[in-house]
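Residues per chain, in single letters:
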Amino acid sequence: MTSRARPDGGDRCPGVLRPFVAGDGALVRLRVPGGRIGVDVLGEVMGIATEYGAPVVQLTSRGNLQLRALPDPLPEVLIERVEATGLLPSASHERVRNILSAPLATSLRPLVEALDTAITDDPVLAGLPGRFLFALSDTSGSVLTEGWDLAYQALDADEGRVLAGGHAFEVRSVDAVPELIRRAHLFLDHRSGDDVWNVRDLPTGSPVFEGMHPYGVHPPAPLPPGPAGDDLVVGLPLGMLRPAHLDAIAAFADEVVLTPWKSFVIPGAAADPSRLGDAGLVITGASPWSRITACVGAPYCARTQTHTLDLATAATAQMTGAGPGVHVVGCERRCGEPSSDHLTLVAPTDVHQVVAASGDPR
């Protein structure tokens, strides 16, 4: 069983052992390094959410899972059930296991596991901010769209480059994880105060960038819903996984990959997507749901009176699948803002504003 000691830290990114109390109750976040997760584990997480809080599991913009409307304080049995899923292997490091990986690059899985182990085995790295993000990609550049702090891009089976703040350092693949860990230590050693959360907050001459050369990252657009070879990228309306969605997914695969774009990669599902679509999942980029996102808004968040989820849902009935993305938020914090091209609407007063922002009403 994981120790109950609560980790110290200056930021408020939630975990299981340190929830965030929102307007609707306690909110916890479960890290899923690399995004790969068993459908049975998702089922257990859904069971916890349904029994103790809101009967949905949210996907975050970092490919993690979020449960909300939970009791405050959390019941001990709830924490024990999370531990039993394997999603809480370390009390001291639970909030810093933030690792994105290119969802279609199965060759990166050993690196994900090695990096996760290296982070959790290093006592010093428990001091990383909860906002600090590692990313692993292949030559496609997938997930390098996101706001990572340190990244590794594999160029082939033996060589690649470590990336940080617009700089690159060539390494052998066997040295990728040690180099990422070394530069994470440099970040902790040279961040100027506890209010420096990310590598991008460091000055150009920081030791984190030692030995690196300027390098521009030009990643591709996020994976849209639809076939990806034999697999299927499936979007979640407003990033919320519901029991009916999970039942449909379980008919296709024992394991899925979460993406930072609030979607899943379901192995082998490209040949027969209709059942997933019938369950309410997004199976094509032509769906209006592929263009609209939202923060949770009122009444769940105390910072706003705007019912963002209701507005976004109503807008999809008047939108087509063409045009720019729209992100609806209740305040200037802009929570959940996607990295892709989009227009962010802050506290819109009615659905017509959201539809107009989409640029392509029905």
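Whatever comes next refers back to the structure up there.
Not measured: the values here are computed from a predicted model.

Considerations on the packing of aromatic side chains
All told, the structure shown has 2 aromatic pairs when counted by the stated rule. Ring centres of phenylalanine 132 and phenylalanine 134 lie 5.4 Å apart, and the angle between their planes is 65°; on these two criteria the pair is classed as edge-to-face. By the burial criterion, phenylalanine 132 is buried, and phenylalanine 134 matches it. Taken together, a centroid distance of 4.9 Å and an interplanar angle of 50° make the contact between phenylalanine 132 and phenylalanine 187 tilted. With a gap of 55 residues between them, phenylalanine 132 in the loop between helix 3 (109–120) and strand 7 (134–137) and phenylalanine 187 in helix 4 (residues 176–190) connect regions that are remote in the sequence. There is no split in this pair, since phenylalanine 132 and phenylalanine 187 are both buried. Three or more aromatic residues joined by ring pairs form one cluster here, namely Phe132, Phe134 and Phe187. The lysine or arginine in question, arginine 183, covers the ring of phenylalanine 169, its NZ or CZ lying 4.9 Å from the ring centre.

Structural notes on the pattern of salt bridges
Counted according to the given criterion, the structure contains 12 salt bridges. Linking glutamate 179 and arginine 182 is a salt bridge whose minimum nitrogen-to-oxygen distance equals 2.9 Å. Taken together, the residues glutamate 179 and arginine 182, both in helix 4 and 3 residues apart, mark about one turn of the helix. Given the relative accessible area of 10%, glutamate 179 is considered buried. Looking at arginine 182, the relative accessible area reads 33%, which means it is partly exposed. Among the ionic pairs, arginine 182 bridges to glutamate 210, the shortest N-O distance being 2.6 Å.

A short note on the sheet that holds strand 7
Taken together, 6 strands build an open sheet; the order of strands is 6-7-8-9-10-11 and the sheet is mixed. Two strands close off the open sheet at either side, each with one partner strand: strand 6 (99–101) and strand 11 (213–214).

Reading the values: rules and limits
Residues numbered from 1 in each chain as written. Predicted model: local features only at pLDDT ≥ 70, side-chain atom pairs only at ≥ 80, totals over all residues. Heavy atoms only, no water. Phe/Tyr/Trp six-rings, centres within 6.5 Å; stacked < 30°, edge-to-face > 60°. Buried < 20%, exposed > 50% of the residue type's maximum accessible area, 1.4 Å probe, protein only. Helix = DSSP H or I, 4+ residues; strand = E, 2+ residues; numbered from the N terminus. Lys NZ or Arg CZ within 6 Å of the ring centre and 35° of its normal. Salt bridge = Lys/Arg side-chain N within 4 Å of Asp/Glu carboxyl O. Pairing = 2+ DSSP bridges.

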